[in-house]
Amino acid sequence: MSKTVLIARPHTFIVSVMKPFLEEGGFGTDKLEHISGLSSQTSGIAGAVISLALSSSITESAEEVFLKLKSVAPRVPVLFAAMLSFEQARPALERIAKQAGIQATITGVDPTPAAAAQLGRQETFLYLSKDDLTSPERRSAAARLIQRHFR
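Residues numbered from 1 in each chain as written. Predicted model: local features only at pLDDT ≥ 70, side-chain atom pairs only at ≥ 80, totals over all residues. Heavy atoms only, no water.

### Examining the sheet that holds strand S4 (residues 78-82)
Move 1: Ordered in space as S2-S1-S3-S4-S6-S5, the six strands form an open sheet in which the pairing is parallel. Of all strands in the sheet, those with a lone pairing partner are strand S2 (28-31) and strand S5 (105-107), marking the two edges. Each neighbouring strand pair of the sheet contributes to a mean axis angle of 25°, computed without reference to strand direction.
Move 2: In this sheet, strand S6 (residues 124-129) lies alongside S5 in parallel orientation, the contact comprising three bridges. Residue pairing for S6: threonine 105 is matched across the bridge by threonine 124. (Pairing = 2+ DSSP bridges. Helix = DSSP H or I, 4+ residues; strand = E, 2+ residues; numbered from the N terminus. Axes fitted to C-alpha atoms, helices over the stretch in contact; angles between N-to-C directions.)

Right under this line is the structure:
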């Protein structure tokens, strides 16, 4: 039985690129249709993906989805994704961590050894950009990181 990853804040990029990427890595995926389903859809998941995109089929912001996720499943590791580079996304990730009151380890596809050691922990924010999934070299590094983060 494969581990399931919840796509907690879907966006076209997440569904069209991330979903097949996760499935290639041996994960099952479940897509959140409405924030009210978060409690029932987090049971037994290996992790969650939250899009930082401005628009999503979930009307709540990435911050709101993250805070709700942490209230119903505090130990679930989270992967954030967007079209932005890691450097462009970092301020948004820092803001989410601050709003949640978390001293987060924020890392991308090129983690420092210290950040890599923190993968799989609820206070570690792994971030992937679209480029990380379209470049073959970065895609393979991203696959290894996801395996460690969603163990």
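### Quick word on the layout of surface pockets
Move 1: A volume near 180 Å³ is recorded for the largest pocket.
Move 2: Those elements that provide at least two residues to the lining of the largest pocket are helix H4 (86-100), S5 and helix H6 (130-134).
Move 3: No other element matches H4, which puts three residues into the lining of the largest pocket.
Move 4: Of the residues assigned to the lining of the largest pocket, the class counts are five nonpolar, five polar and six charged. (1 Å grid on protein atoms, 1.4 Å probe; cavity = no way out; pocket = protein on both sides within 12 Å on 5 of 7 lines; lining within 4 Å. Points joined across faces, edges and corners; volume = space filled by probe spheres on them. Nonpolar A, V, L, I, M, F, W, Y, C, P; charged D, E, K, R; others polar.)

### Describing the side chain of lysine 70
Move 1: As for its placement among the helices and strands, lysine 70 is situated in helix H3 (residues 62-72).
Move 2: For the buried lysine 70, no salt bridge is present, and the opposite-charge side chain at shortest range is glutamate 123, 7.3 Å distant.
Move 3: One polar contact links the side chain of lysine 70 to the main-chain carbonyl oxygen of valine 76, over a distance of 2.7 Å. (Buried < 20%, exposed > 50% of the residue type's maximum accessible area, 1.4 Å probe, protein only. Lys, Arg positive; Asp, Glu negative; His and termini not counted. Salt bridge = Lys/Arg side-chain N within 4 Å of Asp/Glu carboxyl O. Polar contact = N/O pair within 3.5 Å; in protein donor to acceptor, adjacent residues only side chain to side chain.)

### What to know about the pairing of S4
On any regular strand, side chains alternate: one points to one face of the sheet, the next to the other face.
Move 1: Here S4 lies mainly inside the structure; five of its five residues are buried.
Move 2: Going residue by residue along S4, you find Val78, Phe80 and Ala82 tucked away on one face and Leu79 and Ala81 tucked away on the opposite face as well.
Move 3: When strand S3 (residues 47-51) meets S4, the two strands line up parallel, connected through four bridges. If you follow isoleucine 50 over to S4, its bridge partner there is phenylalanine 80.

### So, the packing of helix H1 (residues 12-24) against helix H7 (residues 136-149)
Move 1: Between H1 and H7, the least distance of the axes is 10 Å, while the angle of their chain directions is 65°. Considering their axes alone, H1 and H7 lie roughly perpendicular with respect to each other. Crossing handedness for the pair H1 and H7: right-handed. Residues Phe21, Leu22 and Glu24 of H1 pack against Arg139, Ala142, Ala143 and Ile146 of H7.
Move 2: For the contact of H1 with H7, the per-class residue count stands at five nonpolar, no polar and two charged. (Parallel < 35°, antiparallel > 145°, perpendicular 65-115°, else oblique. Left-handed = near helix turned anticlockwise from the far one by under 90°. Contact = heavy atoms within 4.5 Å.)

### Some remarks on the environment of glycine 108
Move 1: The residue glycine 108 is located in the loop between S5 and helix H5 (113-117) in this model.
Move 2: Sequence separation of glycine 108 and tyrosine 127 is 19 residues, and the distance between their C-alpha atoms is 4.8 Å.
Move 3: If sequence neighbours within four positions are ignored, glycine 108 has contacts with Phe86, Leu126, Tyr127 and Leu145.

### What about H4?
Move 1: The end-to-end C-alpha distance of H4 is 20 Å, a good match for the 21 Å that 15 residues give at a rise of 1.5 Å each.
Move 2: Those residues of H4 that sit buried are Ala89, Ala92, Leu93, Ile96 and Ala97.
Move 3: The inward-facing, buried residues of H4 contact H3, S4, S5 and S6.
Move 4: Backbone geometry just after H4 places glycine 101 at a positive phi near 70°. (Expected span 1.5 Å × (residues − 1).)

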